[in-house]
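# Survey of secondary and tertiary structure
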Amino acid sequence: MASLSGQGTPKLTSAVGNLYYDSILPYREDANAQTREFLARVVDVLLDYVQQVNDRNEKILEFKMPEEMQKTLDLALHDEPLPLKQLLEDCKSALKHQVKTGHPHFFNQLSCGLDIISLAGEWLTAAANTNMFTYEIAPVFILMENVVLEKMRSMIGWKTGDSILAPGGSVSNLYAFLAARHHKFPQYKEKGLTSIPGHLVMYTSDQCHYSVKSCASVCGLGTDYCICVPSDEHGRMIPSELERLVRYHKDRGNVPFFVNATSGTTVLGAFDPLMEIADICQKYDMWMHVDAAWGGGLLFSKKYRHPRLTGIERADSVTWNPHKLMGTLLQCSTVHFKYEGILLSCNAMSAEYLFMTDKIYDPRYDTGDKVIQCGRHNDIFKLWLQWRGKGTSGFERHMDRLMELSEYMVRRIKEQPDKFYLILEPEMVNVSFWYLPKQLRNLPHDSNKEIKLGKVCAKLKGKMMQAGTIMVGYQPDDRRPNFFRNIISSAAVTEKDIDFLLSEMDRLGQDIIVD
Ligand code: ABU
């Protein structure tokens, strides 16, 4: 079984290592010492991992094909228990083969990095192991939610409102959709489809996150009634196109009611023009939702907030994921509403075994009935602790730094036009580009060349995975074949890491040949 290399190998004494689960707490009341030894060694494994994640000499991953990984790992579940020493080895092995998403050379996802304070919060959260549905069992964390969510609403620009933490941005967007439908058709909750006079239509840009379309499928509109509004060359929704499409559907007797504007699109990092979209929503009496899951963090920055998020205060609801740009540990996703009490009004089922109204405290502190889930994970403590540690000013510095680093990357790409081709000037930390191997240098840039550059992406990404030294994502979009999307959202990244990234891409990719 694998063990950590070069960091010492946390080991249990044989007296504890040979014990089984039923020889420690909570099975044996007199086993404090043994329990502490076991957990202390697990913590050692975690601390070794944190050190490795931050060591630039360490690889991000040791890539194995799924079949080979399956053989390497011992994943079998047995009828008989395994001893504590084996469980410690299992912990080491899991982390040894895990991709180090907090490594300074991991640029692959919107959520990169490993914030240490937030990590401490997550560890505490696991130990507290409570459910967030009632104040009764989560008093501290419910009050923390209130404080943090109110602060976030005030940053959006609202004095009052309602908010909830949800399991991810997609579910947050779903909550916004449900609230919008409830707001416009309050009878829907009891009467269902019969309460809606016509077919509901929702709008979003062709660059939006796919979860918006999924709302139409999940909620009975059908994806044909989630209308994709064309975007401009930067990936921003074209407001005149939105208005044209709203009129089109109104003229046919349908009921346009919901517009999703994106602040920070997943691929290009584009910001839809919120003011103009808000005007159209007002004119046609439609709910305006802003999916700022990705770009919401820029609300902290005086320098970068405007014009990107100008007008967000005019939205009816906003999704904002601290686990993305703010670096809070996964997962931490919030959704906010301008209207106080809307979540309870929309979603409450008043289950009497949980949400009794004759409790000794004000039942409004029980948040479980605001959501369509029952149980809710505690995602607040790690964010609250991180915010205490950084202060609001620390988050602002973090945002400004990420943006400066992205600007640095753009400059470095432009300085090497033989090797890199910048696809567009980014509005955010998504840098979209192609890498040019020797074969494609000094050739005119045309659509044939773009097809070849697209093929280079898949080959070069494969080489990155095999080498384990850098990770950057790639994808096609509806305008171009594959291109790289580099994300800088980790506090670990420096200018030197960006220089390393570009030179490593060149080292791995220069000899790639494509048809
Ligand atoms: N919307 C989920 C994040 C996708 C990404 O990391 O690329």
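Residues numbered from 1 in each chain as written. Predicted model: local features only at pLDDT ≥ 70, side-chain atom pairs only at ≥ 80, totals over all residues. Heavy atoms only, no water.

Where we set the bar: UniProt positions are given in the numbering used here, feature names are shortened, and annotations may be inferred rather than shown by experiment.
For the protein, an unreviewed UniProt entry supplies the name Glutamate decarboxylase isoform X2 and the organism Galleria mellonella. Its UniProt record gives the protein a comment under Sequence similarities (unreviewed entry), which states: "Belongs to the group II decarboxylase family."

## Regarding the layout of surface pockets
In plain terms, the rule: Lining residues are defined by having an atom within 4 Å of a point belonging to a cavity or pocket. Those points lie on a 1 Å grid over the protein atoms alone, cavities being sets where a 1.4 Å probe fits but cannot get out and pockets being open sets with protein on both sides within 12 Å along at least five of seven lines. Grid points are joined across faces, edges and corners, and a volume is the space filled by probe spheres set on the points. Numbering of helices and strands runs from the N terminus; a helix is a DSSP stretch of H or I covering at least four residues, while a strand is a stretch of E covering at least two. For this classification, the nonpolar set comprises Ala, Val, Leu, Ile, Met, Phe, Trp, Tyr, Cys and Pro, the charged set comprises Asp, Glu, Lys and Arg, and every other residue, Gly included, is treated as polar.
One number sums up the size of the largest pocket: a volume of about 780 Å³. For the lining of the largest pocket, the element with the most residues is helix α2 (residues 32-53), which contributes 4 residues. Here the residues of the lining of the largest pocket are counted per class, giving 15 nonpolar, 22 polar and 5 charged. The calculated volume of the second largest pocket comes to roughly 540 Å³. Around the second largest pocket, the lining is made up of 20 residues, and of these Asn146, Asp162, Glu340, Arg364 and Lys370 lie nearest the centre.

## Concerning unusual backbone geometry
Here is the rule: Note on exposure labels: buried denotes an accessible area under 20% of the residue type's maximum, exposed denotes more than 50%, and partly exposed covers the range between, all computed with a 1.4 Å probe on protein chains only.
That bond from leucine 25 to proline 26 is cis: its omega, 0 degrees, falls within 30 degrees of zero. Residue position: proline 26 is located in the loop between α1 (14-17) and α2. Here the residue pair histidine 306 and proline 307 is connected by a cis peptide bond, since its omega of 5 degrees sits within 30 degrees of zero. Tracing the sequence through the fold places proline 307 in the loop between β6 (287-291) and β7 (317-320). At aspartate 285, a position not held by glycine, the phi torsion is positive, near 55 degrees. Mapped onto the elements of the fold, aspartate 285 is located in the loop between α11 (274-283) and β6. Residue class for aspartate 285 comes out exposed when judged on its relative accessible area of 53%. Phi is positive for asparagine 442, which is not a glycine, with a value near 60 degrees.

## Examining the site of the ligand
What counts, and what does not: We call a residue near a molecule or strand whenever a single non-hydrogen atom of that residue lies within 4 Å of it. Definition of a polar contact: a pair of N or O atoms within 3.5 Å, with one able to donate and the other able to accept a hydrogen when the atoms are protein atoms, and with sequence-neighbouring residues admitted only if both atoms are side-chain atoms. All accessible-area figures derive from a Shrake-Rupley calculation using a 1.4 Å probe, and residue coverage is judged against the displayed protein chains alone.
By nearness alone, every residue bordering the ligand is listed as Gln109, Leu110, His209, Lys324 and Arg485. At a separation of 2.8 Å, an oxygen atom of the ligand approaches a polar side-chain atom of glutamine 109. Note that an oxygen atom of the ligand is positioned 2.9 Å from one of the backbone N or O atoms of leucine 110. In isolation the ligand exposes 250 Å². Once the protein is present, 69% of that is buried. Considering only residue class, the shell around the ligand consists of 1 nonpolar, 2 polar and 2 charged.

## Side note on empty space enclosed by the protein
What the rule picks out here adds up to 1 cavity of 30 Å³ or more. Surrounding the largest cavity, His234, Leu268, Gly269, Ala270, Leu424, Glu425, Pro426 and Glu427 form its lining.

## Side note on the nonpolar core
Heads up, the rule is: Here, nonpolar core means buried Ala, Val, Leu, Ile, Met, Phe, Trp, Tyr and Cys residues that are tied together by side-chain atoms lying within 4.5 Å of each other. Residues are treated as being in contact if the distance between any of their heavy atoms lies within 4.5 Å.
The biggest cluster of nonpolar side chains holds 99 residues, and the ones touching the most others in it are Tyr203 and Met505. Apart from residues no more than four positions distant in its own chain, tyrosine 203 is found in contact with Ile227, Val229, Leu242, Leu245, Val246, His249, Pro256, Phe258, Val259, Asn260 and Met286. Formed by 30 residues, the second largest nonpolar core is a distinct cluster that contains Phe177, Phe185, Phe257 and Trp287.

## Overview of the pattern of salt bridges
Put simply, the test is: When a carboxyl oxygen of Asp or Glu is within 4 Å of a side-chain nitrogen of Lys or Arg, the pair counts as a salt bridge.
Inspection of the entire model under this criterion finds 30 salt bridges. A salt bridge links glutamate 427 to arginine 236; its shortest N-O distance comes to 3.3 Å. Taken together, the residues glutamate 427 in the loop between β9 (420-422) and β10 (430-435) and arginine 236 in the loop between β4 (226-229) and α10 (239-251) connect sequence positions 191 residues apart. We classify glutamate 427 as buried; its relative accessible area is 15%. The shortest N-O distance in the salt bridge between lysine 302 and glutamate 396 comes to 2.9 Å. Of the two residues, lysine 302 is situated in the loop between β6 and β7 and glutamate 396 in helix α13 (residues 381-414); the sequence distance between them amounts to 94 residues. By relative accessible area, which is 15% here, glutamate 396 ends up buried.

## Observations concerning the sheet that holds strand β3 (residues 200-205)
So the rule is basically this: We call two strands paired when DSSP finds no fewer than two bridges between them. Axis definition: a line fit to C-alpha positions, over the contact stretch in the case of helices; interaxial angles, taken between N-to-C directions, run 0 to 180 degrees.
Read across the open sheet, the 7 strands follow the order β2-β8-β7-β6-β5-β3-β4; overall the sheet is mixed. Here the strands that pair on one side only, and so sit at the sheet edges, are β2 (162-166) and β4. The mean angle between the axes of side-by-side strands here comes to 20 degrees, regardless of whether they run parallel or antiparallel. As paired strands, strand β5 (residues 255-262) and β6 are joined by 5 bridges and run parallel to one another. Opposite valine 259, over in β6, you have methionine 288 as the bridge partner. Against the sheet, helix α9 (residues 210-218) makes contact with β3, β4 and β5, and its axis sits at roughly 170 degrees relative to β3, the strand it touches most.

## Focus on α11
Short version of the rule: The reported arc concerns the directions from the helix axis to the C-beta atoms and nothing else.
Among all positions in α11, only Leu274, Ile277, Ala278, Ile280 and Cys281 are buried. Angularly, the buried residues of α11 cover 160 degrees about the axis, an arc narrow enough to put them on a single face. Relative to its buried face, α11 has exposed residues pointing more than 90 degrees away, namely Gln282 and Lys283. Looking at the buried side of α11, the elements it contacts are α10, β5 and β6.

## Concerning the packing of helix α6 (residues 139-156) against α13
Basically, it comes down to this: Angle categories: roughly parallel below 35 degrees, roughly antiparallel above 145, roughly perpendicular from 65 to 115, and oblique for all the rest. Each helix crossing is assigned a hand: it is left-handed if the near helix lies turned anticlockwise from the far helix by less than a right angle, otherwise right-handed if that turn is clockwise.
Closest axis-to-axis distance for the α6/α13 pair is 9 Å, and the angle between their directions is 55 degrees. In terms of orientation, α6 lies oblique with respect to α13. Where α6 crosses over α13, the handedness of that crossing is left-handed. For the pair α6 and α13, contact is made by Phe141, Met144, Val148, Lys151, Met152 and Met155 and by Phe381, Leu383, Trp384, Trp387 and Thr392, respectively.

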